[in-house]
Amino acid sequence: MNLYKKILTLAVAVLPLAAFAEVNVTFETDDYAAVGVYDWWEASPFRTGVLKGNCKVVDNPFFADETAGNTTAKVLGFQRSRHGSNMFGARIDLKEDQRFVLTPAVQYVHVMMYKPVESRSMIIGLGRHNEKTAGYEETWKNQSPEAVQFTALANSKAPAGQWADVVFPVKGAGNIDIYSLVVVVDCESPHEMAEDFIAYIDDVTVSGSSAPRVALVGDYPVCVEKTQQFTRTDRAFTQVTLKSTAGQYVKKQTKKNVLTEAFDTFIPVQSGETFTVKAGYTGSGMHSFVYIDLNNNGKFDENELVASDTKSGSGCRTTHSITLPADLPGGIYRLRTKIDYQSTDPAGNTSGDNHILQNGGGMIDVLLNVYSPERTTVSVTNFQRNGDVVLAEDGGKIDNYAHPQFTELKVKAVPENGFDYAGIRVTHGYNFSGDSLVHSNPQYITYTVPRKRFAEDNTYTIPASYFDADVLIEGLMVEEGTEPTVDPTLGENISDLAGLDNGKAYAIHSINGEGYLCYNEDINGDYVGLTGITDYHWNKLTSDPAAAEVYLADYDVTNPNGQWQIVLFEDSYYLYNLGAHKFVTRSGRDYYFADDTPALDGIRNNGDGSFSFHAGGGMSDSSQSWACIVTNEAVTALRNWTWNDHGSLFYITEIEDLTTYEGYTKLSGVNPLEGVGAVIAPQIAQGPYNLQGIRENATKQRGIRIVGGKKVLR
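Residues numbered from 1 in each chain as written. Predicted model: local features only at pLDDT ≥ 70, side-chain atom pairs only at ≥ 80, totals over all residues. Heavy atoms only, no water.

1. Looking at the sheet that holds strand E16 (residues 274–282)
Then, number 1: If you trace the 4 strands from one edge of the open sheet to the other, you get E14-E13-E16-E19, paired in antiparallel fashion. A single partner strand is all that each edge strand has here, and the edge strands are strand E14 (247–252) and strand E19 (319–323). The sheet shows a mean angle of 20 degrees between the axes of neighbouring strands, direction not considered.
Then, number 2: Pairing geometry for strand E13 (residues 236–244) and E16, over 7 bridges, is antiparallel. Looking at the pairing, alanine 236 lines up with threonine 282 of E16. (Pairing = 2+ DSSP bridges. Helix = DSSP H or I, 4+ residues; strand = E, 2+ residues; numbered from the N terminus. Axes fitted to C-alpha atoms, helices over the stretch in contact; angles between N-to-C directions.)

2. With respect to the sheet that holds strand E25 (residues 409–415)
Then, number 1: Strand order in the open sheet made by the 3 strands is E23-E25-E30, with antiparallel pairing throughout. Because the sheet does not close on itself, it has two edges, and the strands there are strand E23 (387–391) and strand E30 (459–462). On average, adjacent strands in this sheet sit at an angle of 30 degrees to one another, irrespective of strand direction.
Then, number 2: With 5 bridges joining them, E23 and E25 adopt antiparallel strand pairing. Its bridge partner lying in E25, leucine 391 is registered against valine 411.

3. Observations concerning the nonpolar core
Then, number 1: In terms of nonpolar packing, the biggest core is built from 38 residues, with Ile92, Val109, Val111, Ile123 and Ile201 touching the most fellow members.
Then, number 2: With 5 residues, strand E12 (residues 197–207) is the single largest residue contributor to this core.
Then, number 3: In contact with isoleucine 201, other than residues within four places in its own chain, are Phe27, Val75, Leu76, Ala90, Val111, Met112, Trp163, Val183 and Val185.
Then, number 4: Membership of the second largest hydrophobic core comes to 33 residues, among which are Leu497, Trp564, Ile566 and Leu600. (Core = buried A, V, L, I, M, F, W, Y, C linked by side-chain atoms within 4.5 Å. Buried < 20%, exposed > 50% of the residue type's maximum accessible area, 1.4 Å probe, protein only. Contact = heavy atoms within 4.5 Å.)

4. As for the pattern of salt bridges
Then, number 1: Tallied over the full model, the rule gives 20 salt bridges.
Then, number 2: Linking glutamate 261 and arginine 334 is a salt bridge whose minimum nitrogen-to-oxygen distance equals 3.0 Å. Of this pair, glutamate 261 sits in strand E15 (residues 259–270) while arginine 334 is found in strand E20 (residues 331–340), placing the two residues 73 residues apart along the sequence.
Then, number 3: Under the relative-accessibility criterion, arginine 334 is labelled buried at 1%.
Then, number 4: Each of Glu261, Arg334, Arg336 and Asp365 takes part in salt bridges that share partners, so that together they form one network. (Salt bridge = Lys/Arg side-chain N within 4 Å of Asp/Glu carboxyl O.)

5. Focus on the side chain of histidine 110
Then, number 1: With respect to the element layout, histidine 110 can be found in strand E7 (residues 107–114).
Then, number 2: Among the polar contacts listed, one links the side chain of histidine 110 to the side chain of aspartate 165, at a separation of 2.9 Å. (Polar contact = N/O pair within 3.5 Å; in protein donor to acceptor, adjacent residues only side chain to side chain.)

6. Concerning the packing of aromatic side chains
Then, number 1: Tallied over the full model, the rule gives 22 aromatic pairs.
Then, number 2: Relative to phenylalanine 593, the ring of tyrosine 519 lies with its centre 5.2 Å away and its plane at 85 degrees, an arrangement referred to as edge-to-face. Taken as a pair, tyrosine 519 in strand E34 (residues 516–519) and phenylalanine 593 in strand E39 (residues 590–594) lie far apart in primary sequence, 74 residues in all. Accessibility assignment for this pair places tyrosine 519 and phenylalanine 593 in one class, buried. (Phe/Tyr/Trp six-rings, centres within 6.5 Å; stacked < 30°, edge-to-face > 60°.)

7. Here we look at unusual backbone geometry
Then, number 1: Despite not being glycine, glutamate 570 shows a phi value in the positive range, around 50 degrees.
Then, number 2: Within the secondary structure, glutamate 570 is located in the loop between strand E36 (564–569) and strand E37 (572–577).
Then, number 3: Phi at histidine 581 takes a positive value of approximately 60 degrees, unusual for a residue other than glycine.
Then, number 4: Of note, histidine 581 is situated in the loop between E37 and strand E38 (582–587).
Then, number 5: Judged by relative accessible area, histidine 581 falls into the partly exposed class, the value being 39%.

8. Here we look at helix H5 (residues 545–552)
Then, number 1: Of all the residues in H5, the buried ones are Ala547, Ala548 and Tyr551. The buried side chains of H5 occupy one side of the element, clustering within an arc of 100 degrees when seen end-on.
Then, number 2: Elements in contact with the buried residues of H5: strand E35 (528–531).
Then, number 3: Two or three places before alanine 546, at the start of H5, stands the capping residue aspartate 544, its side-chain oxygen 3.0 Å from that residue's backbone nitrogen. (Arc of directions from axis to C-beta.)

9. Here we look at the environment of threonine 233
Then, number 1: The residue threonine 233 is located in the loop between E12 and E13 in this model.
Then, number 2: Sequence separation between threonine 233 and glycine 283 is 50 residues, and the spatial gap between their C-alpha atoms is 9.8 Å.
Then, number 3: Those residues in contact with threonine 233, other than ones at most four positions away along the chain, are His537 and Trp538.

10. A closer look at the side chain of asparagine 349
Then, number 1: With respect to the helices and strands, asparagine 349 occurs in the loop between E20 and helix H4 (356–359).
Then, number 2: Only 3.3 Å separates the side chain of asparagine 349 from the backbone oxygen of asparagine 354, close enough to count as a polar contact.

In structure tokens:
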């Protein structure tokens, strides 16, 4: 048995991994139909016949070296040619009994790989729709089995000069048979390749698990798959708080995962600085550890355990004081905080009953932005076409402009004649012209600022927090009369009801991972449904396979079915779905969609970032009319229960770049975007409205308002 298979056997013994599928190409026997090369590029010399390409089953050159990680006798050798495109790879045609079906649910293709360069990998699936596909006879019957059905980047880069289990998440429309897999060992641009290189491939499998089969391989490995969720409810590692001279930063555990990579922002820390790390942990008998990859080599070496507490007793010390080396170069570094039982292994304890999954531990990784204490400014530059973004104060050019760090900057959009602007993109970090990932760590973060956030004089003040590193500003210039479509993204959770905006859309989801509220017309268009479920521990998932499949589908922020308006109108809250174009009401215990405008009794702020929705019978703690997720229901997934039940606590998350007054307009009969002219018309002159023509709560704000068609001062 070779080394990695020994490790795999041990891993299966301690982890609840999904069962492997029947696909298992080892190259030891005739367990494949054919091998060759494939290039996506239609004009590739490997497709036109100018070049043939080298790919064949060969003796394993590392057969005698047990430390290499793979001592099987045969492997697939592949010459990565500099004449192929960035999607040129080794093609493996599967035998009929090895073909697998592509589904909407994610599956993971595992490929053992050895290559002399560190780079990203990709996999391409070739195949055709099968007879179970709707419209098969008319549309898919004659489809070629060489049609590209999916492409997927690897979860992480494979290291150079080492066997690694490279994992690719794949999914599709369903009922698609995959006939061939193309392993693109190096999907970087070939323009700078000086010469070809040889890579080796082995043991191709399809699994329901994303956990690499070789322990401690890849960037910052962990001993569980990265989507593994907690299995204990009596212990909780909820957040990490870091406090430096630049401020206090809180990074929360997400989706109840054992590992959280909280990479939405960087945490600025000076080299040589002493800062604190505090783990938010509820439980007993555990220990805390902090690691920093100080040499940025993609793993936590033994000397990179920078703080720990392994004292015995009923609790653990969760606050640590850490001092960075004074000579630490500037850049992005990964810090891991781990709660575990008496194990300094950064990947987690794997010892029997003390396995990190069984002991209720967890890890939260964050990114430190280390900078010199001598640095007082950051470099700001721009990239513009068809216009410019200038300094608002004096119209000065922004070109390697030295701006005081951690200080806001007011800019102005100045489009050329015939053009307008749709906003700006602001990127901050390092290495803008290079790879965005170094050992799986993002090197820069980009924010899109839509035009609606600009002032009337075309200015926008970029927040001070963006100026923690180099900054690149890109103006989004468009032809006059047009504006590019910007896909909405999830923003921050609101923390107070005062933060709700009648014109914004929101995602509403259970804090326990039991799904996002949505409109599921495929199951039942009458009742409020769910999608994006990650945890249904308390309420077992419905036995209805159609409903279960939809419930488990990923939440899509761009789909109106999962977009909600929470409209405050005349002192009442209304819940409106932008996919159903209907409001939510209640019948008995169930919540359904209605054309009329029923209101909620109220929304409760629970004080911990969560909210509860109430409908009917008066709002009180003892009421049984609080909306609660029940995942074992096929079509009525939102029902009444007590307000403090685990399923009745929801996060309300802003959907950025999406403004709509659809629900508000249905309530008021007025489109507020039509402006003051529409507001003061006699038929709708009751008010109050602000000077932009948007109706407001009479008691909400002071200032000039329009009431009865006249301006009044409140």
